[in-house]
Amino acid sequence: MTTPRRRFADAESADESPSTPREVAEIPIGIRRLGAWSWRLIVITAAAALIIWGILKITAIVIPVLIAILVASLLSPLVGLLTRHTFLGRAAASGVALVALIIVVIGMFTLASRQLFAQAGDIYAKALTGVQTLIDWANTTFNLDDSMINKATDEILAKLQENTDSLISGAFSTVSTVGNVVTGIVIALFTLFFLLSGGSTIWRWVVGLLPPAARVPTHEAFRRGWKALSAYMRTQIMVAAVDATGISIGMIALGVGSYAVPIWLLVFLFSFVPLVGAILSGAIAILIVLVLKGWVFAIIMLAVVIAVQQIEGNVLQPFLMGKAVELHPLAVFLGVASGAMIAGIAGALFAIPVIAFVNATLLYMTGRDPSPDLGLDETVDAQLTAPPKPKKHEESPREAKRRAKAESSKAQAAALREESAEEVASSAAPKHGEEPRAGE
């Protein structure tokens, strides 16, 4: 019976062949294996770092494309339903889904902005009253007089004048940022349409570049990753809706229900930006309550925001998200933190979907299918493994014209030969009433 110690000794003796140099053979086998693993891990880490560095250099293109991929994972079932149950083709159904998305987004923003503009005058008047009340309180509490306030105001204006160049450059950078946002929206919409209408064709072309033996496993792993990505988007929308609804209910209970729709939309959109989004949206809700209702209601609103965000961050986000993408809550937390450290807000936004996709694909590659209910896509697998068909030569217009001319010349030559043969036959035949000549 072979013992573990004997197997270890056999493995060590196998690594020490007669051709192994003495200085290498003297190094313990564990150190040698650790060294072999170390330099390979260094190469892999360097390659990953180089890829991340390249991606960060073209974030203006990468971020819109990633957003389009996330939205495509959400809208693909809708496009499939329209294609199967209506007369629309894939491209037309994709166009309908894209137009519907644009209408919904524009409609929500229009409704929210109209309500905000309708109450803008009231907010402005109450904000001025609140500022004046704050100044009066400061004068009474700290014994400030008008000369001190005027002096502080003059110093602020002087600082603004000294930093005029910085403010102007900041304004230009803001204009540039707005331009980049518009460009990103156009790229995202353009990419989204083609992902919805021909995403499967694009993917099959990409897989076709791989060696034949790797095509089917890659395709099946991608299907598992795509399912995890779709589950992430559905769960994220549910979590954002719960967060936005909780804060909006709090505003309605405090008597500022006319701002519930704008705040719902604001919180819903900001919930997709981890870490920063929840803080900003909650602060805006608290500020509106402070201006309209006073500091007592603002404290109550602060408690509501903290309670909703604690439930969302400690209950809904880790457990629902972890269940949807089959990740441990700790992995979700560390993934968001790592993404924020690498690429800021964008890294935090895309960290979890990327981890969910990679986790599902690696599980399938290692033999642990995360979605056995998907089975095998036999139709696509057969197409990927089928030998390529011989490509038919498509002649150009010039070649077609040349071929037609050659065929016409051949036909004319054949006709001339037939006419010549007929003339020879007719001249050789005896005429009516004429005796054939001797020898004929």
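Basis of the calculations
- Residues numbered from 1 in each chain as written.
- Predicted model: local features only at pLDDT ≥ 70, side-chain atom pairs only at ≥ 80, totals over all residues.
- Heavy atoms only, no water.
- UniProt positions renumbered as here; feature names shortened; annotations may be inferred.
- Helix = DSSP H or I, 4+ residues; strand = E, 2+ residues; numbered from the N terminus.
- Buried < 20%, exposed > 50% of the residue type's maximum accessible area, 1.4 Å probe, protein only.
- Contact = heavy atoms within 4.5 Å.
- Areas by Shrake-Rupley, 256 points an atom, 1.4 Å probe, with all protein chains shown as cover.
- Patch = residues over 30% accessible without salt bridge, like charges linked within 9 Å, V, L, I, M, F, W, Y side chains within 5 Å.
- Salt bridge = Lys/Arg side-chain N within 4 Å of Asp/Glu carboxyl O.
- Core = buried A, V, L, I, M, F, W, Y, C linked by side-chain atoms within 4.5 Å.
- Polar contact = N/O pair within 3.5 Å; in protein donor to acceptor, adjacent residues only side chain to side chain.
- Axes fitted to C-alpha atoms, helices over the stretch in contact; angles between N-to-C directions.
- Parallel < 35°, antiparallel > 145°, perpendicular 65-115°, else oblique.
- Left-handed = near helix turned anticlockwise from the far one by under 90°.
- Phe/Tyr/Trp six-rings, centres within 6.5 Å; stacked < 30°, edge-to-face > 60°.
- Expected span 1.5 Å × (residues − 1).
- Bend = angle between axes of the 7 residues up to and from the residue.

As annotated in an unreviewed UniProt entry, the protein carries the name AI-2E family transporter and comes from Brachybacterium halotolerans. One UniProt comment on the protein, placed under Subcellular location (unreviewed entry), says "Cell membrane". Listed in UniProt under the heading Sequence similarities (unreviewed entry), the comment for the protein reads: "Belongs to the autoinducer-2 exporter (AI-2E) (TC 2.A.86) family."

Summing up its helical and strand segments, the protein has 15 helices and 0 strands in all. Across the 440 residues of the protein, 24% fall into the buried class. Of all intrachain contacts in the protein linking residues separated by at least 6 positions in sequence, the fraction that spans at least 24 positions is 69%. Accessible surface for the protein amounts to roughly 29,700 Å². Of this, 70% is attributable to carbon and sulfur atoms.

What follows concerns a nonpolar patch on the surface. Together, Leu-287, Leu-290, Trp-295, Val-296, Phe-297, Ile-299 and Ile-300 make up a nonpolar patch on the protein surface, roughly 680 Å² of accessible area in all. Here the nonpolar patch gets 5 residues from one element, more than from any other, and that element is helix α12 (residues 295-325). With respect to the helices and strands, the residue Trp-295 is situated in helix α12.

So, about the nonpolar core. Counting 19 residues, the largest nonpolar core has Ile-247, Met-251, Ile-263 and Met-301 as its most contacted members. Counting residues per element, this core draws most heavily on helix α11 (residues 276-293), at 5 residues. Excluding residues within four positions of it along the chain, Ile-263 makes contact with Ile-247, Ser-248, Met-251, Ile-284, Ala-285 and Ile-288.

A few words now on the pattern of salt bridges. Within the structure shown, the criterion is met by 4 salt bridges. Among the ionic pairs, Glu-220 bridges to Arg-224, the shortest N-O distance being 2.8 Å. Residue Glu-220 and its partner Arg-224 are located together in helix α9 (residues 212-253), separated by 4 residues, close to a single helical turn. Overall, the relative accessible area of 2% leaves Arg-224 in the buried class.

On to the side chain of His-219. Looking at where His-219 falls in the secondary structure, it is placed in helix α9. Engagement of the side chain of His-219 in a polar contact is seen with the side chain of Trp-203, the distance being 3.1 Å. What His-219 contacts, discounting residues up to four positions off in sequence, is Trp-203, Asp-377, Val-380, Asp-381 and Leu-384.

A few words now on the packing of α9 against helix α14 (residues 378-385). At a minimum axis separation of 9 Å, α9 and α14 run at an interaxial angle of 150 degrees. On the basis of the axis angle, α9 is roughly antiparallel to α14. In this structure, α9 meets α14 at a crossing whose hand is right-handed. On α14, the residues touching Arg-215, Val-216, His-219 and Glu-220 of α9 are Val-380, Asp-381, Leu-384 and Thr-385.

Our focus in this paragraph is the UniProt feature "transmembrane region" (unreviewed entry) in the protein. Under the UniProt annotation, the feature "transmembrane region" (unreviewed entry) is placed at residues 37-55, 61-82, 91-112, 167-196, 237-257, 263-288, 295-311 and 331-358. As annotated, residues 61-82 has a helix share of 100% and a strand share of 0%, and its two end C-alpha atoms lie 30 Å apart. Structurally, residues 331-358 comprises 100% helix and 0% strand, and the distance from its first C-alpha atom to its last is 13 Å.

Moving on to the packing of aromatic side chains. Scanning all chains against the criterion turns up 6 aromatic pairs. Between Trp-203 and Phe-222, the aromatic rings sit 3.9 Å apart at their centres with planes inclined by 20 degrees, giving stacked as the arrangement. Taken together, the positions of Trp-203 in helix α8 (residues 164-208) and Phe-222 in helix α9 put the pair 19 residues apart, joining distant regions of the chain. A residue is classified by how much of its surface remains accessible, and Trp-203, at 19% relative accessible area, is buried. Taking 5.7 Å as the distance between ring centres and 70 degrees as the angle between the ring planes, the aromatic pair formed by Phe-222 and Phe-357 counts as edge-to-face. Here Phe-222 is found in helix α9, whereas its partner Phe-357 is found in helix α13 (residues 329-365), with 135 residues between them in sequence. In this structure an aromatic cluster arises from ring pairing among Trp-203, Phe-222, Trp-226 and Phe-357.

Time to look at the side chain of Ser-248. Turning to its location among the elements, Ser-248 is positioned in helix α9. Looking at Ser-248, the relative accessible area reads 6%, which means it is buried. A polar contact is formed between the side chain of Ser-248 and the backbone oxygen of Ala-260, at a distance of 3.3 Å. Not counting the four nearest positions on each side in its chain, Ser-248 is found in contact with Ala-260, Ile-263 and Trp-264.

With that settled, consider helix α4 (residues 59-85). Taking 1.5 Å per residue as the helical rise, α4 with its 27 residues ought to reach 39 Å, and the 38 Å between its terminal C-alpha atoms agrees with that figure. Largest kink in α4: about 40 degrees, centred on Leu-75, with the proline Pro-77 one to four residues after it. Of all the residues in α4, the buried ones are Val-62, Pro-64, Ala-68, Leu-70, Ala-72, Ser-73, Leu-75, Ser-76, Val-79, Gly-80 and Leu-82.

Mapped onto the fold, Gly-184 is located in helix α8. Residue Gly-184 is classed as buried on the basis of its relative accessible area of 10%. Taking the C-alpha atoms as reference points, Gly-184 and Val-62, separated by 122 residues in sequence, lie 9.3 Å from one another.

By the secondary structure assignment, Gly-198 is in helix α8. Residue Gly-198 is classed as buried on the basis of its relative accessible area of 17%.

Attention shifts here to the packing of α9 against helix α10 (residues 260-270). Interhelical geometry of α9 versus α10 gives an angle of 150 degrees and a closest axis separation of 8 Å. On the basis of their axis angle, the class for α9 and α10 is roughly antiparallel. For α9 against α10, the interelement crossing comes out right-handed. For the pair α9 and α10, contact is made by Ile-237, Ala-240, Ala-241, Asp-243, Ala-244, Thr-245, Ile-247, Ser-248, Met-251 and Ile-252 and by Ala-260, Ile-263, Trp-264, Val-267 and Phe-268, respectively.

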